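Tertiary structure, described
One letter stands for each residue in the lines below.
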Amino acid sequence: MQNIKYFEKFLEKKAYQAFDSWYQWLLMEKRLSEHTADSYFLDLKAFFEFLYADFGHLLSLKDLKDLSVGDFRAFLVHRSGQGIIRSSLSRNMSAIRNFFKYLHKNYDIENTAVGMVRSARPPKTLPKPLGQDEALQLLHAAYGAQKEKWQGLRDVALLTLLYGCGLRISEALNLTISDWNSNPEVLIVKGKGNKERIVPLLPLVKKAVSAYLKERAFEVSNHSPLFIGARGEQINPGVVQRQIRRLRRQLGLPESVTPHALRHSFATHLLEAGSDLRSVQELLGHASLSATQRYTEVDTHHLTAVYNKAHPRAHLKKKS
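What you see is a predicted model, and the numbers here were worked out from it, not measured in a lab. (Residues numbered from 1 in each chain as written. Predicted model: local features only at pLDDT ≥ 70, side-chain atom pairs only at ≥ 80, totals over all residues. Heavy atoms only, no water.)

A look at the pairing of strand β2 (residues 196-200)
Rules: Under the scheme applied here, a residue whose accessible area is under 20% of the maximum for its type counts as buried, over 50% as exposed, and between as partly exposed, the area being computed with a 1.4 Å probe on protein chains only. Working definition: helices are DSSP H or I runs of at least four residues, strands are E runs of at least two. Numbering for both runs from the N terminus. Here the rule is simple: two strands pair whenever DSSP picks up at least two bridges between them.
Burial of the side chains of β2 is restricted to one face: Arg197 and Val199 are buried, whereas none of Glu196, Ile198 and Pro200 on the reverse face is. As judged from the five bridges shared by strand β1 (residues 186-190) and β2, these two strands associate in the antiparallel manner. Its bridge partner lying in β2, leucine 187 is registered against valine 199. The antiparallel pairing of β1 with β2 creates a hairpin that spans five residues between the two strands, and glycine 193 there sits at a positive phi of about 65°.

Written out as structure tokens, the structure reads:
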């Protein structure tokens, strides 16, 4: 959790209390993950720092109410000048709108200008999955990349779980021994907003995790994190990301190969094998089908590439 008191540098007492209340609401009522709430925190931090520098005094609720379209646009121009990409600018404005919506509902502070500002829509990007051979290559390489045997088995188990169950890295790292032992055939996963979903466990996944648990260092209890670091604590996502970077350099894989790319690969390979979209949506824990439909475009690109490579008529020259 971020240090809320940092905002006393920019906000008058009542504005500070409103911000504190909003941040706690994100965590307690909206039940956003701490990661998402912290992203909103940093978005507002950048916004208030900009306004404070412009106004030259602590910001009051009246200052926030009176902000004009020009003030919001000036902030976006400022951020763009700092090299902030369009997708991040869009998220900045989303966080700011959320905060002002909260002010309107809970403090009767309405700012109509914020709703008139449209940040540039981020360019549409498709997920970048690994090929099936690349995914297996990554899993095999993980075992020999650690000095300690149990850590190599841990990395194999974790990456196999991401690829074999389509988990987000945060979902996998939040699992406990109790979560793993509760059912030998399925895994109950807590996703965004603490929403639970059931994911079947493939034999390959069970085998990899079991091999790791047999060799794992440190005492095991039901409440212990499933995946631990060198000192027995829950492993940090940054450690996993660094290890993936090492592996992809070793294997000559593109920079798009990340822990999350294994989740993309899970979804894409299921669709390539003929799974229906609704089932993939349930397995991924997507709230809306539109989020899952991105993978159909990846699958279409794959099929087109296969057709162009393999079909004899794809190589015929057009008649002039």
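Structural notes on unusual backbone geometry
Of note in this structure, aspartate 108 is not a glycine but carries a positive phi near 55°. The residue phenylalanine 218 is not glycine, and still its phi comes out positive at about 75°. You can see phenylalanine 218 is positioned in the loop between α10 (203-215) and α11 (237-251). Its relative accessible area of 42% is what places phenylalanine 218 among the partly exposed residues.

Some words on the environment of aspartate 43
Basically, it comes down to this: We call two residues contacting when some pair of their heavy atoms lies within 4.5 Å.
Tracing the sequence through the fold places aspartate 43 in helix α2 (residues 34-55). Residues aspartate 43 and serine 94, 51 residues apart in the sequence, show an inter-C-alpha distance of 9.1 Å. Once residues within four sequence positions are removed from consideration, aspartate 43 is found in contact with Phe75, Arg91, Asn92 and Ala95.

A look at empty space enclosed by the protein
Heads up, the condition is: With a 1 Å grid spanning the protein atoms alone, the term cavity applies to any set of points in which a 1.4 Å probe fits but cannot get out, the term pocket to an open set with protein on both sides within 12 Å along at least five of seven lines, and the term lining residue to any residue with an atom within 4 Å of a point. Grid points are joined across faces, edges and corners, and a volume is the space filled by probe spheres set on the points. Gly is put with the polar residues, along with every residue not named as nonpolar or charged; the nonpolar set is Ala, Val, Leu, Ile, Met, Phe, Trp, Tyr, Cys and Pro, and the charged set is Asp, Glu, Lys and Arg.
This model, assessed by the stated rule, comprises one cavity of 30 Å³ or more. Reported here for the largest cavity is a volume of approximately 70 Å³. Taken together, Ala142, Arg154, Asp155, Leu158, Leu159, Ile235, Val239, Val240, Gln243, Ile244 and Leu247 form the lining of the largest cavity. Among the elements of the structure, α7 (149-165) and α11 are those that each provide at least two residues to the lining of the largest cavity. Take the lining of the largest cavity: its biggest share by element is five residues, from α11. Grouping the amino acids of the lining of the largest cavity by side-chain chemistry returns eight nonpolar, one polar and two charged.

Quick look at the packing of α7 against helix α12 (residues 259-272)
Condition: Note on geometry: axes are lines fitted to C-alpha atoms, helical ones only across the stretch in contact, with angles between N-to-C directions running from 0 to 180 degrees.
Two numbers describe how α7 lies on α12: the axes approach to 6 Å, and their chain directions differ by 35°. Of the residues in α12, those in contact with Leu159, Leu162, Tyr163, Gly164 and Cys165 of α7 are Pro259, Leu262, Arg263, Ser265, Phe266 and His269. In terms of residue class, the contact of α7 with α12 is made up of seven nonpolar, three polar and one charged.

Some words on the layout of surface pockets
If you add up the space inside the largest pocket, you get close to 2200 Å³. Around the largest pocket, the lining comprises 50 residues; the ones closest to its centre are Ser33, His35, Thr36, Arg168 and Lys192. Per element, the largest residue contribution to the lining of the largest pocket is five residues, and it comes from α2. A class-by-class count of the residues in the lining of the largest pocket yields 13 nonpolar, 22 polar and 15 charged.

What to know about the nonpolar core
Formally: Side-chain atoms within 4.5 Å are what join buried Ala, Val, Leu, Ile, Met, Phe, Trp, Tyr and Cys residues into a set we call a nonpolar core.
One finds Leu138, Leu159, Leu161, Leu167 and Phe227 to be the most contacted residues of the largest nonpolar core, which totals 42 residues. Among the secondary structure elements, those contributing two or more residues to this core are α6 (132-143), α7, α8 (169-173), α9 (177-181), β1, α10, α11 and α12. Tallying contributions element by element places α7 first for this core, with ten residues. Membership of the second largest hydrophobic core comes to 41 residues, among which are Trp22, Leu27, Leu44 and Val69.

Observations concerning the pattern of salt bridges
Spelled out, the test is: We define a salt bridge as a contact between a side-chain nitrogen of Lys or Arg and a carboxyl oxygen of Asp or Glu at a distance within 4 Å.
Applying the stated criterion to the full structure yields eight salt bridges. Residue lysine 45 is joined to glutamate 49 by a salt bridge in which the shortest nitrogen-to-oxygen separation is 3.0 Å. With a gap of four residues between them, lysine 45 and glutamate 49 both fall in helix α2, about one helical turn apart. Across the pair lysine 206 and glutamate 185 runs a salt bridge, and its minimum N-O distance is 3.4 Å. Taken as a pair, lysine 206 in helix α10 and glutamate 185 in the loop between α9 and β1 lie far apart in primary sequence, 21 residues in all. Several salt bridges converge on common partners, so that one network encompasses Arg168, Glu171 and Arg197.

As far as function goes, none of this settles anything; it's purely spatial.
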